[in-house]
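Survey of secondary and tertiary structure
Below, each chain spelled out in residue letters.
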Amino acid sequence: MNDTSVPAEALAMIGKEAVPQSCEVTKTAIRRFAQAIGNADPVYVDEEYARTTRWGGIVAPPTFFFALGYYDDAAGIRLREDGRPTGSELDVPLPVSRTVGGASSVEFGVPARPGDVITMRKRVADVYSKEGKSGTLYFTVVETTYTNQRGELVARERASFIER
């Protein structure tokens, strides 16, 4: 079905991928993330204990990958008043002024470990619209895949953003 209310420039973004970004996982980052989410499981911080588990060493909490998306070298990205990024590679050109996060689904793979180099690949998976009570709502779906240096899936997230 052809969605005529979505600008052609926005529809052309479907399938567009951002330049992959990679970062190394450290014990410190894992410890800080576990502390930030209030999870005191020793498998995240105690090497001796972690060796006795099925993992055989320290691993990151399953949602650790969320923190990997916040790079301090993203100088070209700016936030609008509503918090929507603008100026990024995946800035979908829509006639909107407000954005709110919608649904998110996650597929988990192998846990991240200290020393892993995680590569994050983002792409626009879909852009579509629906008519709401107050007018047209636009939906942007972004899929982000996280893999380690062995090419193993760490996580895959599909996140939708509702814009008007």
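Whatever comes next refers back to the structure up there.
Okay, so let's go over this structure. Quick caveat, the model's predicted, so the values are computed rather than measured.

1. Quick word on the overall build of the chain
Of regular secondary structure, the chain possesses three helices and seven strands. Starting at the N terminus and walking to the C terminus, you meet the elements of the chain as α-β-α-α-β-β-β-β-β-β. Expressed as a percentage of the 164 residues in the chain, the buried residues total 34%. In the chain, of all internal contacts separated by at least 6 residues, the share reaching a separation of at least 24 is 64%. Carbon and sulfur atoms form 52% of the exposed surface of the chain, whose accessible area is close to 9700 Å².

2. Considerations on helix 2 (residues 27-36)
Along helix 2, the residues that are buried comprise Ile30, Phe33 and Ala34. The buried side chains of helix 2 occupy one side of the element, clustering within an arc of 100° when seen end-on. Turned more than 90 degrees away from the buried face of helix 2, the exposed residues are Arg32, Gln35 and Ala36. Immediately downstream of helix 2, the backbone of Gly38 shows phi near 75°, a positive value.

3. Quick word on the sheet that holds strand 6 (residues 135-147)
Across the sheet, which stays open at both edges, the five strands sit in the order 1-5-6-7-4 with antiparallel pairing between neighbours. Strand pairing shows two members of the sheet lacking a second neighbour, strand 1 (21-24) and strand 4 (99-108), which therefore form its edges. Taken over all neighbouring pairs, the strand axes of this sheet differ in orientation by 25° on average, direction set aside. Across eight bridges, strand 4 lies against strand 7 (residues 153-163) in antiparallel orientation. Paired with Val100 across the two strands is Ile162, which belongs to strand 7.

4. Comments concerning the pattern of salt bridges
Applying the stated rule across the entire model yields seven salt bridges. Salt-bridge contacts for Glu47 lead to Arg51; the nearest nitrogen and oxygen are separated by 3.8 Å. Within this pair, Glu47 and its partner Arg51 are both found in helix 3 (residues 47-51), separated by four residues, close to a single helical turn. Between Glu152 and Arg150 there is a salt bridge, and its shortest N-O distance comes to 3.0 Å. Among the residues examined, Glu152 registers a relative accessible area of 31% and is labelled partly exposed. Each member of the salt-bridge network shares a partner with another, and the members are Lys27, Glu47 and Arg51.

5. Notes on the packing of aromatic side chains
Inspection of the entire model under this criterion finds five aromatic pairs. Seen in terms of ring centroids, Phe33 and Phe64 are 5.6 Å apart; in terms of plane orientation they differ by 85°. Their pairing is edge-to-face. A residue pair is termed long-range when its members are at least 10 positions apart, and Phe33 in helix 2 and Phe64 in the loop between helix 3 and strand 2 (78-79) qualify at 31 residues. The two residues Phe33 and Phe64 agree in class, both being buried. Here Tyr128 and Phe139 contribute two aromatic rings whose centre-to-centre distance is 4.9 Å and whose plane-to-plane angle is 5°, an arrangement assigned as stacked. One end of the pair, Tyr128, is in strand 5 (residues 117-132); the other, Phe139, is in strand 6, and 11 residues separate them in sequence. With a relative accessible area of 26%, Tyr128 lands in the partly exposed category. One aromatic cluster is present, built from ring pairs that chain together Phe65, Phe66, Phe108 and Tyr146. Over the face of the ring belonging to Phe139 we find Lys130, whose NZ or CZ atom lies 5.6 Å from the ring centre.

Parameters and conventions
- Residues numbered from 1 in each chain as written.
- Predicted model: local features only at pLDDT ≥ 70, side-chain atom pairs only at ≥ 80, totals over all residues.
- Heavy atoms only, no water.
- Helix = DSSP H or I, 4+ residues; strand = E, 2+ residues; numbered from the N terminus.
- Buried < 20%, exposed > 50% of the residue type's maximum accessible area, 1.4 Å probe, protein only.
- Contact = heavy atoms within 4.5 Å.
- Areas by Shrake-Rupley, 256 points an atom, 1.4 Å probe, with all protein chains shown as cover.
- Arc of directions from axis to C-beta.
- Pairing = 2+ DSSP bridges.
- Axes fitted to C-alpha atoms, helices over the stretch in contact; angles between N-to-C directions.
- Salt bridge = Lys/Arg side-chain N within 4 Å of Asp/Glu carboxyl O.
- Phe/Tyr/Trp six-rings, centres within 6.5 Å; stacked < 30°, edge-to-face > 60°.
- Lys NZ or Arg CZ within 6 Å of the ring centre and 35° of its normal.

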